[in-house]
Amino acid sequence: MILQALYDYYLRRQADVDPARRLPAFGLELKEIGFILEVDESGQLHAIIDTRQMSGKKKIGTSYLVPKGVKKTSGIAANLLWDNAEYVLALPDAKKMDAARSKGGADEYLARLVEMQQAFRGRISTLPERAQRDVGLVGVLAFLDANPAEQVARFSAHAEISASNPVLTFRLVGDTALVCQRPGVAPHLVTDASAGEATEGGDGVKATCLITGDTLPVERLHTAIKGVWGAQTSGANIVSFNLDAFNSYGKSQGANAPVSQAAAFAYTTALNALLARDSSQRVQIGDASTVFWAQKADPLEGELAALLGGGDNPDAHTQQVKALFDSVHSGGFTGARGDNAFYVLGLAPNAARISVRFWHAAPLHIIAERIAAWFDDLSLVRGPNDPEFPSLFRLLTAVALQGKADNIPPSLGGDLIRSIFTGAPYPTTWLNVAVQRCRAEQQVTYMRAAAIKAYLNRSLTTSDSQPREIQPMLDIESPSTAYRLGRLFATLEKIQEEASPGLNATIRERYYGAASSTPVAVFTTLMRLKNHHLAKIQSKGRAVNFEKLLAEIMSGISDFPVHMNLPDQGRFAIGYYHQRQDFFTKRESAEAESTAQTETTH
């Protein structure tokens, strides 16, 4: 199902009316090229063009359409008309050369470089004679036969090429297209790719393709998938059989799960495009690299990453979420659009392969409803600087040690994404770490409170028709003892703050952890202290109001529990957060009224 959906997506992108969105045809791929060597027909090097641009903290080469690369192993395998400097120029990589010298293997490394360049030139020689008569190829071959490393050494880019071993390719002086894209060369590349697949990727065995159902030559080694966070930088496989223990019935490698060469190219090209650095259809949450696409083109494909990830513009993110709510409630996902199949694939690194963390396929209207339900679960009263629709990344870092992404529990991000799209209960780990952070730091932040509310409302509600236990704002009717204890603790803290303004530390810093887990151990002490604090409040009317509030809260508490379980500790945190926000809201309202009266008087 996964490979079939990716194959269909490749076919759709291949037929896209926008050339910029089309995926490469069979035998081609988009490759980041660091430097372009401009040569003339005689093989003279005229210029070295640096195509790289700064992306974050490093330079990234411009992507060009080139012949599909071979699968690199420990042996020598050259690409056609492009490769790194070792293959193209027999130029030593500085780091590898130092390592070889330290082991006494410098001569062997230099001899291997000669073999690598011979393999690169030999690959070009396999092209049909008609292609080799092209003036661009004539120039490339002449350049390779005339000590190319010596020519490159005359240019200032030589030092950087030697240090970084970048990917190189060729362009004829005066052309705008690469040599591999010239009209006299390009038509022969697909033929060469097919021949290369037969010799390098398979053994000529034909079988029924599991994707298309056609009987075709089987792809022995599938193209590596790149862009999965934490996987090998050179790429890893989603389909592979690299040990004898994985083989069945005497078959080896790809013959165990036969996929034709064209279908394997299609699904790997589609998945690599979805995982690309600049893809708008991927989101990185924890260790799960998540991609999504639809059976038929839909705007939600390109919007979903920003909806979940938050994007760079908070205001634009808020408008996007509100637009989604409007579309769901106004029937924007009904009819043919709502029936469009939507796919979500979560991938995580696993040694030399990629593991499928989760896979979900559903009609678009269900996906939209579940995303809206996710933000509805998070809905909570907030301060003026808190985002109305928090991003998933910020929610996760809020419950991580020191607020660092590196400390997010490994599987939490993937489990949350799966719950969002499937409508399943949120992982208990999320509640656990949110409560732990509240207790460890004695601070119930907006993000942590939103996480706790979302978990409690979804995970402890048995049906969609059942009213949610936790409301977005203060709920004075809540029968939960734990919730009322949280409100009580917030009220006692507020009394202390008003009785002794400017305190460096309140009862929260000293008692929050114990109050939220073993209330009977601390609340008797806190209730005695509050009498002393109430007596210090100068405004007697204010003190009376606090007494009334305490009586209202205590009316629903029969006794202080000896111990509270994890969900009740979450309810305590929500009660505390709601009551604190209510205090701030009332104060802001009072200040606004006072300002308005002053302006009216003047």
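Computed from a predicted model, the values in this text were never measured in an experiment.

How each quantity is defined
- Residues numbered from 1 in each chain as written.
- Predicted model: local features only at pLDDT ≥ 70, side-chain atom pairs only at ≥ 80, totals over all residues.
- Heavy atoms only, no water.
- Helix = DSSP H or I, 4+ residues; strand = E, 2+ residues; numbered from the N terminus.
- Rg over C-alpha atoms; globule rule 2.2 N^0.38 Å.
- Buried < 20%, exposed > 50% of the residue type's maximum accessible area, 1.4 Å probe, protein only.
- Contact = heavy atoms within 4.5 Å.
- Lys, Arg positive; Asp, Glu negative; His and termini not counted.
- Charge placed at Lys NZ, Arg CZ, Asp CG, Glu CD.
- Salt bridge = Lys/Arg side-chain N within 4 Å of Asp/Glu carboxyl O.
- Core = buried A, V, L, I, M, F, W, Y, C linked by side-chain atoms within 4.5 Å.
- Polar contact = N/O pair within 3.5 Å; in protein donor to acceptor, adjacent residues only side chain to side chain.
- Pairing = 2+ DSSP bridges.
- Axes fitted to C-alpha atoms, helices over the stretch in contact; angles between N-to-C directions.
- Parallel < 35°, antiparallel > 145°, perpendicular 65-115°, else oblique.
- Nonpolar A, V, L, I, M, F, W, Y, C, P; charged D, E, K, R; others polar.

J.: Describe the overall build of the chain, and please don't skip the residues or the numbers.
T.: Summing up its helical and strand segments, the chain has 23 helices and 14 strands in all. Over its C-alpha atoms the chain spans a radius of gyration of 32 Å, topping by over 25% the 25 Å that the globule rule assigns to 602 residues. Referenced to the eigenvectors of the C-alpha coordinate spread, the extents of the chain come out at roughly 100 × 60 × 55 Å. For the chain, the proportion of its 602 residues judged to be buried stands at 49%. In the chain, once contacts between residues fewer than 6 apart in sequence are set aside, the share between residues at least 24 apart is 69%. In the chain, the 61 positive side-chain charges and the 63 negative ones have mean positions that sit 4 Å from each other.

J.: A description of the pattern of salt bridges should follow, citing residues and the corresponding values.
T.: Using the criterion set out here, one finds 29 salt bridges in the structure. As a salt-bridge pair, Arg 121 and Asp 145 come within 2.7 Å of each other at their nearest N and O atoms. With a gap of 24 residues between them, Arg 121 in helix α4 (residues 106-125) and Asp 145 in the loop between α6 (135-144) and α7 (148-152) connect regions that are remote in the sequence. Exposure remark for Arg 121: the relative accessible area of 27% places this residue in the partly exposed category. Across the salt bridge formed by Arg 448 and Glu 441, the nearest N and O atoms sit 2.7 Å from each other. A residue is classified by how much of its surface remains accessible, and Arg 448, at 6% relative accessible area, is buried. Owing to a relative accessible area of 31%, Glu 441 belongs among the partly exposed residues under this scheme. If you follow the salt bridges from partner to partner, you end up with Glu 493, Glu 497, Arg 508, Glu 509 and Arg 580 in one network.

J.: Can you tell me about the nonpolar core, naming the residues and giving the values?
T.: Residues Trp 374, Trp 430, Ile 452, Leu 488, Phe 489 and Phe 523 are the most contacted members of the largest nonpolar core, which totals 91 residues. Other than its neighbours up to four places away in sequence, Trp 430 contacts Trp 374, Leu 378, Leu 395, Val 399, Leu 412, Leu 416, Ala 451 and Ala 454. If you look at the next biggest cluster of nonpolar residues, it comprises 45 residues, including Leu 37, Ala 106, Leu 141 and Phe 143.

J.: An account of the side chain of Arg 12 is requested, with residue identities and associated values reported.
T.: The residue Arg 12 is located in helix α1 (residues 2-14) in this model. Overall, Arg 12 belongs to the buried group, its relative accessible area being 18%. Separated by 2.6 Å, the side chains of Arg 12 and Glu 301 make a polar contact.

J.: Tell me about the sheet that holds strand β13 (residues 341-350), residues and numbers included.
T.: Note on sheets: strands pair through backbone hydrogen bonds, and any given pair is parallel or antiparallel. The sheet built from 4 strands is open, its strands ordered β11-β12-β13-β14 with antiparallel pairing. Of all the strands in the sheet, just β11 (282-285) and β14 (353-363) have a single pairing partner and so form its edges. When the angles between neighbouring strand axes are averaged without regard to direction, this sheet yields 20°. With 6 bridges joining them, strand β12 (residues 288-294) and β13 adopt antiparallel strand pairing. What sits directly across from Val 291, in β13, is Leu 345.

J.: Give me the lowdown on the sheet that holds strand β8 (residues 167-172), citing residues and values where you can.
T.: Strand order in the open sheet formed by 4 strands is β3-β2-β8-β7, with mixed pairing between adjacent strands. Of all strands in the sheet, those with a lone pairing partner are β3 (45-50) and β7 (82-84), marking the two edges. Along the sheet, successive strands turn relative to each other by an average axial angle of 30°, direction set aside.

J.: Lay out the pairing of β13 with the relevant residues and their values.
T.: Counted residue by residue, β13 has 8 buried out of 10 residues, so it is predominantly covered. Looking at chain direction, β13 and β14 are connected through 10 bridges and run antiparallel. Residue pairing in the sheet places Leu 347 in a bridge with Val 356 of β14. Connecting β13 to the next strand, β14, in antiparallel fashion are 2 residues, including Ala 351 with a positive phi near 55°.

J.: Tell me about unusual backbone geometry, residues and numbers included.
T.: Phi at Leu 81 is positive, roughly 70°, even though this residue is not glycine. Its place among the elements puts Leu 81 in the loop between β6 (62-67) and β7. A positive phi angle is found at Asn 165, which is not glycine, with a value near 50°. Within the secondary structure, Asn 165 is located in the loop between α8 (158-164) and β8. A residue is classified by how much of its surface remains accessible, and Asn 165, at 14% relative accessible area, is buried.

J.: Before we move on, could you go through the packing of helix α14 (residues 364-378) against helix α16 (residues 412-422) and cite the residues and values that matter?
T.: Interhelical geometry of α14 versus α16 gives an angle of 120° and a closest axis separation of 7 Å. The angle between α14 and α16 falls in the class oblique. Contact residues: α14 offers Ile 367, Arg 370, Ile 371 and Trp 374, while α16 offers Leu 416, Ile 420, Phe 421 and Thr 422. A breakdown of the residues in the contact of α14 with α16 according to their chemical character gives 6 nonpolar, 1 polar and 1 charged.

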